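Single-letter residue listing:
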Number of protein chains: 2
Amino acid sequence: MEIKQNEIIEFMRSNGIKPSYQRIKIYEYLVKNRNHPTTEIIYHNLIKKIPTFSRTTVYNTMELFIKRGIVSMISIDEKEARFDADTSVHAHFMCTICKNIYDIPVKSGEVNISGLKGFKVSENHINFKGICKSCSKHNKSEIN
Amino acid sequence: MEIKQNEIIEFMRSNGIKPSYQRIKIYEYLVKNRNHPTTEIIYHNLIKKIPTFSRTTVYNTMELFIKRGIVSMISIDEKEARFDADTSVHAHFMCTICKNIYDIPVKSGEVNISGLKGFKVSENHINFKGICKSCSKHNKSEIN
DNA sequence: GTATCTGCAAAACATTTGCAATTCT
DNA sequence: AGAATTGCAAATGTTTTGCAGATAC
């Protein structure tokens, strides 16, 4: 993903977030690495560039980003939270073999649950687990 | 929910689970209280009846139940895991005001995500958050 | 009598909190 | 200077692990 610092700063300001150096780097990481990282992954990657960087800042910043709606939390992996800079409606699929998390597009009308009538839905978390295409192939060839 | 100990024992055996006293009580609790309890809630309720009962046993037992497929884990509340003895396909809705977790039926065809083609889905976790019917009413009357 | 199950105590993690130092305007 | 942000260190809360004793077949 290509994104310029200027655009990030602009984007943060328009969402009521003061663009500190740490916040910019964190958001930049999220946009450039669409890998649904954990707090630890973000910390691990940015401590290289920012020697005084702390986990607390990641926690603080994620909380702020979520409150301002520019990041959403994914709880597909019950051990630790993961984050996604793509806040549009989409599902996730986690492969139980390779542990990869895939973004799954959800087209309009593909999720239409009549039982939700009367509930005011503000967040949706649609997560699947199983075996991804790539791991299915490998398994097949091993068996045959 | 009405269920007899005999039925539970039968059911466990048919799923390859040795029916110990603790396991029976835990499963009985899950079936009679369809409230998606946390480990702590289960522990808290059963320690009353089993003075030597331990949290470890709850963790061990839930792991076993999940492995044998008679219970599923709900991660709608990222703080702690919740459990559901209803393993059929259905969604969950957590009210951000009253914190209640509702079971939402999902009829055949209501979730049909074409982007999942090629993925072998073995688990689905469809969770929503927002304001439930009851809390919506109260809010409305406060505002008007 | 051997396997399994249970439960205590300690350890391991992820996350939160308090607060002092730093940074920004 | 004043307000917000950062980050260290300690606390918290959930879950896991090691192991000894209890229980079941």
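Scroll up to find the structure.
The structure displayed is predicted, hence computed values, not measured ones. Residue indices begin from 1 for each chain and proceed along its sequence in written order. Labels are handed out in written order, letters beginning with A for the chains and numbers beginning with 1 for the ligands. Reporting of local features is limited, given that this is a predicted model, to residues whose pLDDT is at least 70; pairs of side-chain atoms are given and counted only at 80 or more, and all residues count toward the totals for whole chains, interfaces and linings. As a rule here, side-chain values cover all heavy atoms of the structure and leave hydrogens and water aside.

Some thoughts on the overall build of chain A
When helices and strands are tallied, chain A shows five helices and five strands. The dimensions of chain A, computed from C-alpha atoms along their principal axes, are 50 × 45 × 30 Å. Whether a residue is buried, partly exposed or exposed follows from its accessible area with a 1.4 Å probe, protein chains only, as a fraction of its type maximum: under 20%, in between, or over 50%, in that order. Per-residue burial for chain A yields a buried fraction of 40% across its 144 residues. Under the convention used here, a 1.4 Å probe and the Shrake-Rupley method define accessible areas, while residue burial counts only the protein chains that appear. A total accessible area of about 8300 Å² is found for chain A, and carbon and sulfur atoms account for 50% of it. Elements are defined by DSSP. Helices are runs of H or I of four residues or more, strands are runs of E of two residues or more, and each kind is numbered from the N terminus.

Structural notes on the environment of N45 of chain A
Residue and element names in this part refer to chain A. For N45, the location among the structural elements is in helix 3 (residues 39-46). For N45, a relative accessible area of 22% translates into the label partly exposed. C-alpha of N45 to C-alpha of K79: the two residues are 34 residues apart in sequence and 20 Å apart in space. Polar contact criterion, stated in full: a pair of N or O atoms within 3.5 Å, where within protein one must be able to donate a hydrogen and the other to accept it, and residues adjacent in sequence count only if both atoms are side-chain atoms. Within the structure, N45 has its side chain in polar contact with the side chain of Y29 (distance 3.4 Å).

Quick look at the protein's contact with DNA strand D
Here, proximity means that at least one heavy atom of the residue falls within 4 Å of the molecule or strand. In the neighbourhood of DNA strand D, 17 residues make up the surrounding shell, with S20, S54, T57 and K79 of chain A together with Y59 of chain B lying closest. Looking at DNA strand D alone, sugar and phosphate atoms form 76% of those within 4 Å of the protein. Y59 of chain B places a side-chain nitrogen or oxygen 2.8 Å from a phosphate oxygen of DNA strand D. Note that a phosphate oxygen of DNA strand D is positioned 3.0 Å from one of the backbone N or O atoms of A81 of chain B. Those elements that place two or more of their residues in the surface near DNA strand D are helix 2 (21-32) and helix 4 (55-67) of chain A together with helix 4 (55-67) of chain B.

Things to note about the side chain of N127 of chain B
By the element assignment, N127 of chain B lies in strand 5 (residues 120-131). Judged by its relative accessible area of 5%, N127 of chain B falls in the buried class. By definition, residues are in contact when any of their heavy atoms lie within 4.5 Å. The residues touching N127 of chain B, leaving out its near neighbours within four places in the chain, are E123, N124 and H125 of chain A together with I74, S75, I76 and H92 of chain B.

Considering the sheet that holds strand 4 (residues 101-105) of chain A
For two strands to be treated as a pair, DSSP must find at least two bridges joining them. With mixed pairing, the six strands of this open sheet are ordered in space as 4(A)-3(A)-5(A)-5(B)-3(B)-4(B). Looking at strand neighbours, the two that pair on one side only are strand 4 of chain A together with strand 4 (101-105) of chain B, the edges of this open sheet. Across this sheet, the average inter-strand angle for adjacent strands is 25 degrees, counted without regard to direction. Lines are fitted to the C-alpha atoms to define the axes, a helix being fitted only along its stretch in contact, and any angle between axes, read from their N-to-C directions, falls within 0 to 180 degrees.

Details of the protein's contact with DNA strand C
Within the structure, DNA strand C sits among 17 residues, and Y59 of chain A together with S20, T52, S54 and T57 of chain B are positioned closest to it. Taking the atoms of DNA strand C that fall within 4 Å of the protein, sugar and phosphate contribute 78% of them. S20 of chain B has a polar side-chain atom sitting 2.4 Å from a phosphate oxygen of DNA strand C. Note that a phosphate oxygen of DNA strand C is positioned 2.8 Å from one of the side-chain N or O atoms of T52 of chain B.

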